[in-house]
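Descriptive analysis of the structure
Chain by chain, the residues:
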Amino acid sequence: MFGRIFLFSFALAFWAGIATAAEWVVERATSDVSVSADGKSWRSVTIGDPIPNAVWIRTGPRARAVLAKGKERILYRANTLAAISVSQPSGKKTKVTQRQGSILLMVKKRRTRHTSVVTPHIAAVVKGTVFEVSVGAGGSIVRVDRGLVAVSNGTDTVDVPAGQEATASGSAEVITMSEATESSLNENDFAELELAEMMSDFKKDKKNKSGRETGKSNNGKSNNGNSNGNGNGNGNGNGN
């Protein structure tokens, strides 16, 4: 497996570029979380560490890690191996190359598709949503909690809405869709807390934006009132 990881690392480095833009940072982590640039030499991470572009991140049997970039989060569950690359120089697009395990992504909604997850079996692309990708020896599963995820395996493409999951294996040409057997959110890990914090931030942003627009509207009305008042007052005064 690590021989393949080494080859994938070259592809990731080419896609990501040399410089780092808008880095992902370790926001939370248990023990047994490590990173590697080549899949051979590993080092442990601690909370607050920036994640270098296009490196592999590995969690142990009981490990968890949460990566943050602005208001977006990626949760690594136990026994997961995946690399994260950020497009250069803008840093607006994130690509996750996942070899095994499960990751939960909570990404902010934007106009363009800016986050993708690639496994040996599928590619999932989103604009903004909450979804989980699980990779096993026999295939990959994409489970969607919020939003819409486009899932493709090279021969078939499906849009997976909230409450549904898509399954693809290496041998099957068709992606199967079904109702999600369970939610991606598990109160035993960081997901619920991270989601609550992010959704709270989204609501604050929306409220602040609405307040600013209302303020601009009220200022416009106020200015019109002042203009009419001044005009009438000056006209009457000069006339008298």
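As a reminder, the structure under discussion sits directly above these lines.
Quick caveat: nothing in here was measured; it's all calculated off a predicted structure.

Digging into the side chain of Glu165
Counting through the fold element by element, Glu165 comes out in strand β16 (residues 164-169). By relative accessible area, which is 7% here, Glu165 ends up buried. Among the polar contacts made by the side chain of Glu165, one reaches the side chain of Arg143 at a distance of 3.2 Å. Sequence-distant contacts of Glu165, that is, excluding residues within four places in its chain, are made with Ile141, Val142, Arg143, Val160, Thr176, Met177, Ser178, Glu179, Ala180 and Thr181.

Some points on the pattern of salt bridges
According to the stated counting rule, one finds five salt bridges in the structure shown. The salt bridge involving Arg73 is made with Glu27; its shortest N-O contact spans 3.0 Å. Here Arg73, found in strand β7 (residues 72-76), pairs with Glu27, found in strand β1 (residues 24-29); they are 46 residues apart in sequence, far enough to count as distant. By relative accessible area, Glu27 is classed as partly exposed at 24%. For the salt bridge of Glu132 with Arg143, the shortest nitrogen-to-oxygen distance reads 3.4 Å. Residue Glu132 is located in strand β12 (residues 129-135), and its partner Arg143 is located in strand β13 (residues 139-146); the two are separated by 11 residues in the primary sequence. Of the two residues, Glu132 and Arg143, both sit in the buried class. Put simply, Arg77, Glu132, Arg143 and Glu165 are held in one network by salt bridges that share partners.

Considerations on the environment of Ala168
Along the polypeptide, Ala168 turns up in strand β16. We classify Ala168 as buried; its relative accessible area is 1%. In sequence terms Ala168 and Ile141 are 27 residues apart; their C-alpha atoms lie 6.6 Å from each other. Excluding its chain neighbours within four sequence positions, the residues that come into contact with Ala168 are His121, Ile122, Gly139, Ser140 and Ile175.

The rules behind these values
- Residues numbered from 1 in each chain as written.
- Predicted model: local features only at pLDDT ≥ 70, side-chain atom pairs only at ≥ 80, totals over all residues.
- Heavy atoms only, no water.
- Helix = DSSP H or I, 4+ residues; strand = E, 2+ residues; numbered from the N terminus.
- Buried < 20%, exposed > 50% of the residue type's maximum accessible area, 1.4 Å probe, protein only.
- Polar contact = N/O pair within 3.5 Å; in protein donor to acceptor, adjacent residues only side chain to side chain.
- Contact = heavy atoms within 4.5 Å.
- Salt bridge = Lys/Arg side-chain N within 4 Å of Asp/Glu carboxyl O.

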